[in-house]
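# Chains, contacts and geometry: an overview
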Amino acid sequence: VQLVESGGGLVQPGGSLRLSCAASGFTFSSYAMSWYRQAPGKERELVASIDSAGGSTNYANSVKGRFTISRDNAKNTVLLQMNSLKPEDTAVYSCYVNIALVRYWGQGTQVTVSS
């Protein structure tokens, strides 16, 4: 199983970023996928999840209405569109999948929201 994130960077408050996670090594279309984030000194937080078909999504209250998770099962990719970014969104964002009770994480991509 391999999860590779990309798309992070430095953005001003109010700006947007789109994160991408390329998955391989498993049947991508069979599993729900999630994005987590971890800020310095804080616990890892679930940001958003999407079911295997892409028909059901869930979001942390802190990002509802600003972030959108989606997936392309033909390309084995899960996306996180982040709009109206705030300084408190600064964190390392990681892709996650649970396969047969084994947790897999990507290496993460840094998102920094600062003026």
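Residues numbered from 1 in each chain as written. Predicted model: local features only at pLDDT ≥ 70, side-chain atom pairs only at ≥ 80, totals over all residues. Heavy atoms only, no water.

### Some words on the state of the cysteines
Covalently bonding the sulfur atom of one cysteine to the sulfur atom of another cysteine gives a disulfide. Defined as follows: Counting rule for disulfides: a pair of cysteine sulfur atoms within 2.5 Å. Helix numbering and strand numbering both begin at the N terminus, where a helix is a DSSP run of H or I of at least 4 residues and a strand a DSSP run of E of at least 2.
Per the counting criterion, the structure on display carries one disulfide. Each sulfur in the disulfide pair Cys21 and Cys95 lies 2.2 Å from the other. The sign of the -90 degrees torsion about the S-S bond sets the Cys21-Cys95 disulfide as left-handed. Of this pair, Cys21 sits in strand S3 (residues 17-24) while Cys95 sits in strand S9 (residues 91-99); the two residues are 74 residues apart in sequence, bridging distant segments of the chain.

### Observations concerning the side chain of Glu5
Defined as follows: As used in this structure description, the phrase polar contact means that two N or O atoms lie within 3.5 Å; if the pair is within protein, one of them must be able to donate a hydrogen and the other to accept it, and residues adjacent in sequence are counted only when both atoms belong to side chains. Note on contacts: a residue pair is in contact if any heavy atoms of the two residues lie within 4.5 Å.
Relative to the helices and strands, Glu5 resides in strand S1 (residues 2-6). Within the local environment of Glu5, its side chain forms a polar contact with the backbone nitrogen of Gln107, the two atoms lying 3.1 Å apart. Within the structure, the side chain of Glu5 is placed 3.0 Å from the backbone nitrogen of Gly108, a separation counted as a polar contact. Look past the residues within four positions of Glu5 in its chain and what remains in contact with it is Ser20, Cys21, Trp35, Tyr93, Ser94, Cys95, Gly106, Gln107, Gly108 and Thr109.

### Some words on the sheet that holds S3
The test is simple: At least two bridges found by DSSP between two strands is the condition for calling them paired. Only C-alpha atoms enter the line fits that serve as axes; for helices the fit covers just the stretch in contact. Angles between N-to-C directions range over 0 to 180 degrees.
In spatial order, the strands read S1-S3-S8-S7; together these four strands make up an open sheet with antiparallel pairing. Edge strands, defined here as strands with exactly one partner in the open sheet, are S1 and strand S7 (67-72). Strand-to-strand twist in this sheet, taken as the mean axis angle between neighbours without regard to direction, amounts to 15 degrees. Taken together, the six bridges between S7 and strand S8 (residues 77-82) define a ladder with antiparallel strand orientation.

### Some thoughts on the side chain of Asp89
We apply this condition: The buried label goes to any residue with under 20% of its type's maximum accessible area, the exposed label to any with over 50%, and the partly exposed label to all in between, with areas taken from a 1.4 Å probe on protein chains only.
The topology assignment puts Asp89 in the loop between S8 and S9. Exposure remark for Asp89: the relative accessible area of 0% places this residue in the buried category. At a separation of 2.9 Å, a polar atom in the side chain of Asp89 contacts the side chain of Arg37. With near-sequence residues (within four places) excluded, Asp89 lies in contact with Arg37, Arg66, Phe67, Ser84, Val111 and Val113.

### A closer look at the environment of Ala32
Within the fold, Ala32 resides in the loop between S3 and strand S4 (33-38). Taking the relative accessible area as the measure of exposure, Ala32 reaches 43% and is therefore partly exposed. Residues Ala32 and Leu46, 14 residues apart in the sequence, show an inter-C-alpha distance of 13 Å.

Remember, this is a structural readout, not a statement about activity or role.
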